[in-house]
Amino acid sequence: MPPTTSQVLENLRGGPKYKKMPEINWDSELYTKQHHFVSDYGADVLQWLAPQSGEHILDVGCGTGELTAKIAESGAIVLGTDSSEEMVTASKRNFPELEFEVIDGTQLPYLENFDAVFSNATFHWIDNQKALTIGLYHSLKKGGRLVTEFGGKGNIKSIIDAVGQAAQQLGLESKLNKDFWFFPSIADYTTLLEKNGFEVEQAWLFHRPTPLNGENGMHDWITQFAPYAFKNLEGKSAVAIQNLAVDLLKSTHYVNHQWMADYKRLRIKAFKR
Ligand code: BEZ
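Residues numbered from 1 in each chain as written. Predicted model: local features only at pLDDT ≥ 70, side-chain atom pairs only at ≥ 80, totals over all residues. Heavy atoms only, no water.

## Digging into the pairing of strand 4 (residues 114–120)
- For strand 4, the tally of buried residues reaches 6 of 7 residues, placing the bulk of the element in the interior.
- Note: strand 1 (residues 56–60) against strand 4, 3 bridges, orientation parallel. Each residue of the ladder has a partner; that of L58, found in strand 4, is V117.
- Alignment of strand 4 against strand 5 (residues 140–151), held across 6 bridges, turns out to be parallel. Paired with N120 across the strands is E149, a residue of strand 5.
- Regarding the hand of the β-α-β motif, the stretch spanning strand 4, helix 6 (residues 129–139) and strand 5 is right-handed. (Buried < 20%, exposed > 50% of the residue type's maximum accessible area, 1.4 Å probe, protein only. Helix = DSSP H or I, 4+ residues; strand = E, 2+ residues; numbered from the N terminus. Pairing = 2+ DSSP bridges. Right-handed = clockwise from strand over helix to strand, strands pointing away.)

Listed below in structure tokens is the structure:
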């Protein structure tokens, strides 16, 4: 039985205490310049969404709005949301003709407003997966579809391991903040969806090695995406770990002057029962 609206609200307000999403400074310019691959790759998952003209579609975690705009090209009426004010401001600047709102993924306020919910490269940032899943369920009309892709089990394992190894070598392991990303297996994620009223039609877990821009690509990636790992460390210690981690990765992940990150994606298509 899917939860009732009052259960949803109770869960969102008084449920177990979850870690807050990492306080990342979402630098929209660095993101667009260095990490535009996030939306470039996301275009592929749009094929699973197959948006139709006139459909109402919610894009959760819209970032700088590129994929929201691609969805809108189909003639669908799309709302892009992101928990980062900086990203929503950038989206509005990039696509002034479209609708964007600052909304946290664990507090989606919608009730059967959408034919489909789409999300790319966002769910791995969310700790309170139950609140997210319940919110997705309630956002959709009956029979509506959820299409999402994010980091799956084993995602960026080499980078996580290298940062851990560097911290250990420098005697700083106890201060490293770990496990703040959610990279589930197919079994874990589909079970979560099924328990919350979804029927899963397709689930893929696949390697997608991802080139990082420039000679400092790995360094820039860690700077943008992993500062939360270092939040209990002094600046100097954090830099030392980061530099050593990059050195450790160099022989395997910097080939022919190209940095590669070992991304693994979980791609899902599910329907609201
Ligand atoms: C990802 O898209 O898989 C990802 C991006 C940043 C940090 C962690 C994972």
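## As for the nonpolar core
- W221, I222, F230 and I241 are the most contacted members of the largest nonpolar core, which has 32 residues in total.
- For this core, the secondary structure elements donating two or more residues are helix 7 (157–169), helix 9 (217–225), helix 10 (235–253) and strand 9 (258–261).
- With 23 residues, the next largest nonpolar core counts L108, V117, L136 and L193 among its residues. (Core = buried A, V, L, I, M, F, W, Y, C linked by side-chain atoms within 4.5 Å.)

## Details of the side chain of K269
- Mapped onto the elements, K269 comes out in strand 10 (residues 264–272).
- For the buried K269, which has no salt bridge, the nearest side chain bearing the opposite charge is E201, at an N-O separation of 4.0 Å.
- Setting aside chain neighbours within four positions, we find K269 in contact with W48, R145, L146, V147, V200, E201 and Q202. (Lys, Arg positive; Asp, Glu negative; His and termini not counted. Salt bridge = Lys/Arg side-chain N within 4 Å of Asp/Glu carboxyl O. Contact = heavy atoms within 4.5 Å.)

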